[in-house]
Amino acid sequence: MQKQLQVATESGLSNGSLMEDVYPGVNVCYFSNQFKITHLNSMRYLTLLLIFISSFHYAQAQEPEKPKPTTTDELKNVVMPQVRTQDTTIRKIMEELQRINDSDKQNSNAIQGLLQGREIDNITKYELIRNNIVFASETYYLLNKKIIDLKSRTTTNNLDVFITSLNNPESKELGFSLSDRIVELVEKVVLKGKADKNEKNGKIVESTKSIISSPIFQSFTSLTPPLAIANSVMNFLHSISVNNKEINQNTLKEFEKELNKYVVYYTALNDANQKFEYGLNFNKDQLNLLQDNLYDHIMFTASALKYQLPQRGNKSIGETLNDFFFDFKRDKVVTFFSDLESKYTKGRKVDYEALLRENPNLKEVNNQLEDLILQTKRFENLYNEYFTLLDSYYGKVNSSLKIAQDNGLADKNTIDTKQAEFRNLKDEAVKEIQASINIKELYNNTDKIKYRYRIF
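Not measured: the values here are computed from a predicted model.

As for the pattern of salt bridges
Thought 1: Enumeration over the complete set of coordinates arrives at 20 salt bridges.
Thought 2: For Glu432, the salt bridge is made with Arg153, and the minimal N-O distance between the two is 3.6 Å. Separated by 279 residues along the polypeptide, Glu432 in helix 16 (residues 412-437) and Arg153 in the loop between helix 5 (85-151) and helix 6 (157-166) bring together distant segments of the chain.
Thought 3: You can call Glu432 partly exposed: its relative accessible area is 42%.
Thought 4: Given a relative accessible area of 13%, Arg153 falls into the buried group.
Thought 5: For Lys261, the salt bridge identified is with Glu258, shortest N-O distance 3.4 Å.

Right, here's the structure in full:
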């Protein structure tokens, strides 16, 4: 090194720049243009010492001391600012493992929740279907029974007797008999009180009585017997007036005028009877159509429940359904579902998912129950229409009785008595029909059917 320094000096270096380049660790003292190296040998040893220390630290960094195993509790007590690099790495790994473990638990709980929810959903669906069909089986029976009952209704026997008596030419319910009044009018108006004066007049009276008593009028459908009798008597008198000069047109007009007082009354009563009968026939036609729809609906349900389908053949639809309901009853449907549950029981648990999957027709029956409810609503309308008809009929009969009073056919007390009697009979008829059909029984049963919940 001294030689090198000397060479450098001899080479004309006047400062320590080259020295610092060649030996950057050497301290150089500058005195003008000369330099001096102090303690050169000591620097040698210092350099070696620095190299040794650096090598020791490098080796230690390459092969760190292995830490003792660290427990989870110890990791939790670690103060972050004081941990070493290897402890931080372990902590992160442990935290990641814990996060994965927690996530697995959450996923497991979620999966179990979904599976449990799916099972509950299937149970709910099945119970809804079962309950709806059980209640529907009772509804089928009740609806058919009430349709038949309403179809058989006209009025009650007592009310029928009352109306028949009013329309009977021989009856004296209003204080007169039409048959007797017609004979009296012929004798007084047509024959001028000379019925017994000669044989010809006697024959006219006898012929009039014969017309009135003729059984042929009982077969008339377009007119009631009173109107048919009045019409026949008028035709008879017009025919004999051609050859009988004592019966002129003025006499016939006077007779017709008096007879028309009765004709108007009976026409009004006949109009009431005809409109009521027409309304009842229309009501029955609608009930027949409703029963046909009920039959179709029952066929679909019976097929889904594996019942023998009702065979109509030559029997009426009412008779067919009555025979079918001997077997198709609520308790039989309950038994059907009990057997179905037993079939799909595995261990002590019913496999509702498989039950619903392998019996899709049960869902279809449930989803068609809205149509059954609509049929019950239709019956309710026809049931109410019947009482509307009865109210209208009551009003028209009362109007005809008022005509009889206004025309002087009967006195006011008699008419008031008959109107009160008719009102009581009508009220009794309403109560009897309401009790017989018991529409509330149908309401209560259909309310149990949750038909708005469809199962898919």
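Looking at the nonpolar core
Thought 1: Ranked by internal contacts, the top residues of the largest apolar core, which has 104 residues, are Leu237, Phe255 and Phe379.
Thought 2: Examining the composition of this core, we find that 17 residues originate from one element, helix 10 (residues 249-304), more than from any other.
Thought 3: Contact partners of Phe255, with chain neighbours within four places excluded, come to Ile182, Leu185, Val186, Val189, Val190, Val233, Met234 and Leu237.

Regarding the confidence of the model for the protein chain
Thought 1: Counting all residues, the mean pLDDT for the protein chain is 79, and 75% of those residues have values of 70 or more.
Thought 2: This model gives residues 55-66 a pLDDT under 50, and the stretch forms one contact once residues within four places in sequence are excluded.

Overview of the packing of aromatic side chains
Thought 1: A complete count under the given rule lists 18 aromatic pairs for this structure.
Thought 2: Here Phe176 and Tyr262 contribute two aromatic rings whose centre-to-centre distance is 5.4 Å and whose plane-to-plane angle is 70°, an arrangement assigned as edge-to-face. Of the two residues, Phe176 is situated in the loop between helix 6 and helix 7 (178-190) and Tyr262 in helix 10; the sequence distance between them amounts to 86 residues. In terms of burial, Phe176 and Tyr262 fall into one category: buried.
Thought 3: A centroid spacing of 4.9 Å and a plane angle of 80° characterise the contact between Tyr383 and Phe387, whose relative ring orientation is edge-to-face. Here Tyr383 pairs with Phe387, and both are found in helix 15 (residues 369-406), just four residues apart, close to one helical turn. Judged on exposure class, the residue Tyr383 and its partner Phe387 are both buried.
Thought 4: Cluster of aromatic residues (ring-pair linked, three or more members): Tyr140, Tyr141, Tyr307, Phe324, Phe325 and Phe328.
Thought 5: Cation over ring: Lys426 sits above Tyr394, and NZ or CZ is 5.4 Å from the ring centre.

Observations concerning a nonpolar patch on the surface
Thought 1: Together, Ile90, Ile93, Met94, Leu97 and Ile100 line one region of the surface with nonpolar side chains, adding up to about 400 Å² of accessible area.
Thought 2: With respect to the element layout, Ile100 can be found in helix 5.

Focus: the UniProt feature "coiled-coil region" (unreviewed entry) in the protein chain
Thought 1: Using the residue numbers shown here, the UniProt feature "coiled-coil region" (unreviewed entry) corresponds to residues 352-382.
Thought 2: The distance separating the terminal C-alpha atoms of residues 352-382 is 41 Å; by composition the span is 94% helix and 0% strand.

What about the packing of helix 10 against helix 15?
Thought 1: At a closest axis distance of 9 Å, the pairing of helix 10 and helix 15 adopts a crossing angle of 175°. Judged on the interaxial angle alone, helix 15 and helix 10 are roughly antiparallel.
Thought 2: Class assignment of the residues belonging to the contact of helix 10 with helix 15 gives a composition of 22 nonpolar, eight polar and six charged.

Conventions and cut-offs
Residues numbered from 1 in each chain as written. Predicted model: local features only at pLDDT ≥ 70, side-chain atom pairs only at ≥ 80, totals over all residues. Heavy atoms only, no water. Salt bridge = Lys/Arg side-chain N within 4 Å of Asp/Glu carboxyl O. Helix = DSSP H or I, 4+ residues; strand = E, 2+ residues; numbered from the N terminus. Buried < 20%, exposed > 50% of the residue type's maximum accessible area, 1.4 Å probe, protein only. Core = buried A, V, L, I, M, F, W, Y, C linked by side-chain atoms within 4.5 Å. Contact = heavy atoms within 4.5 Å. pLDDT = per-residue confidence, 0-100. Phe/Tyr/Trp six-rings, centres within 6.5 Å; stacked < 30°, edge-to-face > 60°. Lys NZ or Arg CZ within 6 Å of the ring centre and 35° of its normal. Patch = residues over 30% accessible without salt bridge, like charges linked within 9 Å, V, L, I, M, F, W, Y side chains within 5 Å. Areas by Shrake-Rupley, 256 points an atom, 1.4 Å probe, with all protein chains shown as cover. UniProt positions renumbered as here; feature names shortened; annotations may be inferred. Axes fitted to C-alpha atoms, helices over the stretch in contact; angles between N-to-C directions. Parallel < 35°, antiparallel > 145°, perpendicular 65-115°, else oblique. Nonpolar A, V, L, I, M, F, W, Y, C, P; charged D, E, K, R; others polar.

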